[in-house]
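So the chains spell out like this:
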There are 2 protein chains.
Amino acid sequence: MSGPAIVLVRPQLSENIGTAARAMLNCGLTDLRLVAPRHDWLQDRAFAAASGADKVLLSAQVFETTEQAIADCERVWASTARDRYMVKPVEAPRQAAQSMKTAIESGHKVAILFGPERTGLSNDDVVLSDTVVSVPLNPDYSSLNLAQCVLLISYEWFQATADAPIATMTKGASDLASKAKLVAFFDHLERELDACGFLRVETKKAVMIRNIRNMFQRAQLTGQEVQTLHGIVHELVTYRKSKGE
Amino acid sequence: MSGPAIVLVRPQLSENIGTAARAMLNCGLTDLRLVAPRHDWLQDRAFAAASGADKVLLSAQVFETTEQAIADCERVWASTARDRYMVKPVEAPRQAAQSMKTAIESGHKVAILFGPERTGLSNDDVVLSDTVVSVPLNPDYSSLNLAQCVLLISYEWFQATADAPIATMTKGASDLASKAKLVAFFDHLERELDACGFLRVETKKAVMIRNIRNMFQRAQLTGQEVQTLHGIVHELVTYRKSKGE
């Protein structure tokens, strides 16, 4: 499915264009449009920030006005954090991604507008959109930079269109052992395994310890179970010593 | 609800610690833990990158080992993109956030491990976790920088614990007018309103145009409706002219 166009309106810094391009490609988006960028967006610093997402930068289209950048689109979202006192639908990114998916499936071309770093979109730009998309964040600290905002909204697009999430393999557990208790058991066991020669092959020692740790780690042991394991190791060692080995 | 601790293992760049702190505070998280950071994390460049999230940087705890950083935690997630060939549950951030919420509601302390910028977490660190968290991204380009990864996982935490999303106010529509058609109508209408003197108060002109545009914008007009509006304006003007005004 062809995703939404990302329209950066009057971006001020080339690095941010690069970082936005990277975030787009992370989420399978490639249609980057720039409205009156302050600087050349094909600078070294933009490519450095793009970190390999060069094709997005190289294929970016440039327009003089926001109107021109969205001329071929039927549905436009405007990303903004501030209330603009306009009667306009507002969606969180997760809802917006679903709405965009529906629009695109209906054959509509979709764009998302992002404003300049310092000021955000002007009201004249917001007016050109059908819907505002606003990221729910900590109300006491919601300042998000341009590329982070592009990332979060693009991420929700990708999640809305990607296959079902990876299957889980978790178990419920109460009274879980703290990691301090677990590591104390690892230390105890490995000390004894070292002493009895179980870890004598130096080249295999690290991987053996890792496999043993992972086996117990995976078990989501309770505090009581870790105590039991300490007891088991202690008893095995005592029995060995009592036999004079 | 007290959120998960964010544990940056051997971070290499102070800027990334600052940007991660900003992303954390955006999502209401404040418990930052650093394992053997390469540089002093209280540098100017870290505070510049933190962009006001100073309190997260200033309250960060530093540890020599990952084991020490998670000693008080009962449940630990490890953020990693690569397959580690370990038998270990894997969750996407959205599932992980739900699992973390359940764990925290059960009284467990939760931490999320993030590895160094270049290499990611070592296998010895991943082994210390209960669950792997892996961000579903474009399989052809999934390289994510440290702070972006912290942002996406923290964002999902915040969404899992935040109130219900903002209500929407959208309408279904087919045959929507393209923005080019809509802007052409705005131009037509505003030209005629200018000519007839409706926009004669220069100080109010910009806000009047904006309000008029927004009113039509909000209507999610079809192509046919825009044609009708062109006709209405044309007829009104012709009638006025025929009366010799």
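All figures in this text were calculated on a predicted structure; none of them were measured in a lab.

Chemist: Tell me about the interface of chain A and chain B, residues and numbers included.
Modeler: Counting residues at the interface gives 73 residues for chain A, matched by 73 residues for chain B. Carbon and sulfur atoms supply 56% of the area buried between chain A and chain B, which totals about 6,400 Å² over both sides. In this structure, the connection of chain A to chain B is made through eight salt bridges. A salt bridge links glutamate 67 of chain A to arginine 213 of chain B, with the shortest nitrogen-to-oxygen separation between them at 3.2 Å. Taken together, the connections running from chain A to chain B amount to 34 residue pairs in polar contact (both at pLDDT 80 or more). At the level of elements, α1 (14–26), β4 (75–79), β5 (90–91), α5 (93–105), α6 (123–127), α7 (146–161), α8 (179–195) and α9 (202–218) of chain A are the ones that each hand at least two residues to the side of chain A that touches chain B. Element by element, the count of residues in the side of chain A that touches chain B is highest for α7 of chain A, at seven residues. Residues that form the side of chain A that touches chain B fall into these classes: 36 nonpolar, 22 polar and 15 charged.

Chemist: For the packing of helix α8 (residues 179–195) of chain B against helix α9 (residues 202–218) of chain B, give the residues involved together with the corresponding values.
Modeler: All names here are of chain B. Axis separation between α8 and α9 bottoms out at 11 Å; the angle between their running directions is 140°. With respect to each other, α8 and α9 are oriented oblique. The two elements α8 and α9 cross, and the hand of that crossing is right-handed. Contacts between α8 and α9 involve Lys179, Leu182, Phe185, Phe186, Asp187, Leu189, Glu190, Leu193 and Asp194 from the first element and Lys205, Ile209, Ile212, Arg213, Phe216 and Gln217 from the second. Its residues assigned to classes, the contact of α8 with α9 comprises eight nonpolar, one polar and six charged.

Chemist: So what about the sheet that holds strand β6 (residues 110–114) of chain B? Which residues, and what values?
Modeler: Residue and element names in this part refer to chain B. Taking strand neighbours across the sheet as the criterion, the seven strands line up as β3-β2-β1-β6-β4-β7-β5 in an open arrangement whose pairing is parallel. Since the sheet does not close on itself, it has two edges, and those belong to β3 (61–63) and β5 (90–91), each with one partner. When strand β4 (residues 75–79) meets strand β7 (residues 131–133), the two strands line up parallel, connected through three bridges. Bridge assignment links tryptophan 77 to a residue of β7, and that residue is threonine 131.

Chemist: Give me the environment of aspartate 194 of chain B: which residues, what numbers.
Modeler: Residues and elements named next belong to chain B. Structurally, the position occupied by aspartate 194 is in helix α8. You can call aspartate 194 partly exposed: its relative accessible area is 39%. For the pair aspartate 194 and lysine 205, spaced 11 residues apart in the sequence, the C-alpha separation amounts to 9.3 Å. Setting aside residues up to four positions removed in sequence, aspartate 194 forms contacts with Leu199 and Lys205.

Chemist: Describe unusual backbone geometry, naming the residues involved and giving the relevant values.
Modeler: All names here are of chain A. The residue alanine 36 is not glycine, and still its phi comes out positive at about 45°. Mapped onto the elements of the fold, alanine 36 is located in the loop between β2 (32–35) and α2 (44–50). Using a relative accessible area of 36% as the deciding quantity, one classes alanine 36 as partly exposed.

Chemist: Tell me what's going on with the side chain of histidine 188 of chain A, and back it up with residues and numbers.
Modeler: Among the secondary structure elements, histidine 188 of chain A is positioned in helix α8. Not counting chain neighbours up to four residues away, the residues in contact with histidine 188 of chain A comprise His230, Val233 and His234 of chain A.

Chemist: Give me the lowdown on the pairing of strand β2 (residues 32–35) of chain B, citing residues and values where you can.
Modeler: All names here are of chain B. Neither face of β2 is exposed, since Leu32 and Leu34 on one face and Arg33 and Val35 on the opposite face are all buried. Sheet analysis places strand β1 (residues 5–9) next to β2, joined by four bridges and oriented parallel. Its bridge partner being in β2, isoleucine 6 is matched across the sheet by leucine 32. With helix α1 (residues 14–26) bridging β1 and the parallel β2, this β-α-β connection has right-handed handedness. Two elements, β2 and β3, share three bridges in a ladder whose sense is parallel. Across the sheet, valine 35 pairs through a bridge with phenylalanine 63, a residue of β3.

Chemist: Account for the environment of aspartate 40 of chain A, naming residues and giving values.
Modeler: Residue and element names in this part refer to chain A. Position of aspartate 40 among the secondary structure elements: in the loop between β2 and α2. Aspartate 40 gets classed as partly exposed once you look at its relative accessible area, which sits at 42%. Residues aspartate 40 and glutamate 15 lie 25 residues apart in sequence; the distance between their C-alpha atoms is 11 Å. Engagement of the side chain of aspartate 40 in a polar contact is seen with the backbone nitrogen of leucine 42, the distance being 2.9 Å.

Chemist: Hey, could you go over the sheet that holds β2 of chain A for me, with residue numbers and the actual values?
Modeler: Residue and element names in this part refer to chain A. Ordered in space as β3-β2-β1-β6-β4-β7-β5, the seven strands form an open sheet in which the pairing is parallel. Across the chains shown, the open sheet's two edge strands, defined by having one partner strand only, are β3 (61–63) and β5. One ladder, built from four bridges, connects strand β1 (residues 5–9) with strand β6 (residues 110–114); its direction is parallel. Counted as the bridge partner of valine 7 is leucine 113 from β6. Against the sheet, α7 makes contact with β1, β4, β6 and β7 (131–133), and its axis sits at roughly 150° relative to β6, the strand it touches most.

Chemist: So what's going on with the packing of α1 of chain B against helix α7 (residues 146–161) of chain B? Residues and values would help.
Modeler: Residues and elements named next belong to chain B. It is at 8 Å that the axes of α1 and α7 come closest, and there the two elements cross at 15°. Classed by the angle they form, the pair α1 and α7 counts as roughly parallel. The two elements α1 and α7 cross, and the hand of that crossing is right-handed. Between α1 and α7, the contacting residues are Asn16, Thr19, Ala20, Ala23 and Met24 on the first element and Leu146, Ala147, Val150, Leu151 and Ser154 on the second. Residue composition of the contact of α1 with α7, by class: seven nonpolar, three polar and no charged.

Chemist: For the side chain of lysine 179 of chain A, give the residues involved together with the corresponding values.
Modeler: Mapped onto the elements of the fold, lysine 179 of chain A is located in helix α8. Excluding residues within four positions of it along the chain, lysine 179 of chain A makes contact with Gln217 of chain A together with Ile70, Ala71, Cys73, Glu74, Val76, Leu128 and Asp130 of chain B.

Chemist: Which residues make up the pattern of salt bridges, and what values do they have?
Modeler: Residues and elements named next belong to chain A. Enumeration over the complete set of coordinates arrives at 28 salt bridges over all chains. Two residues, aspartate 31 and arginine 33, come together in a salt bridge whose shortest N-O distance is 3.1 Å. Like arginine 33, aspartate 31 is buried. One salt bridge in this structure joins aspartate 187 and arginine 213, with 3.9 Å as the shortest N-O distance. Residue aspartate 187 is located in helix α8, and its partner arginine 213 is located in helix α9; the two are separated by 26 residues in the primary sequence. The exposure class of aspartate 187 is partly exposed, given its relative accessible area of 38%. Via salt bridges that share partners, Asp31, Arg33, Asp72 and Lys109 belong to a single interconnected network.

Calculation notes
- Residues numbered from 1 in each chain as written.
- Chains lettered and ligands numbered in written order.
- Predicted model: local features only at pLDDT ≥ 70, side-chain atom pairs only at ≥ 80, totals over all residues.
- Heavy atoms only, no water.
- Contact = heavy atoms within 4.5 Å.
- Buried area = accessible area lost by both parts, 1.4 Å probe.
- Salt bridge = Lys/Arg side-chain N within 4 Å of Asp/Glu carboxyl O.
- Polar contact = N/O pair within 3.5 Å; in protein donor to acceptor, adjacent residues only side chain to side chain.
- Helix = DSSP H or I, 4+ residues; strand = E, 2+ residues; numbered from the N terminus.
- Nonpolar A, V, L, I, M, F, W, Y, C, P; charged D, E, K, R; others polar.
- Axes fitted to C-alpha atoms, helices over the stretch in contact; angles between N-to-C directions.
- Parallel < 35°, antiparallel > 145°, perpendicular 65-115°, else oblique.
- Left-handed = near helix turned anticlockwise from the far one by under 90°.
- Pairing = 2+ DSSP bridges.
- Buried < 20%, exposed > 50% of the residue type's maximum accessible area, 1.4 Å probe, protein only.
- Right-handed = clockwise from strand over helix to strand, strands pointing away.

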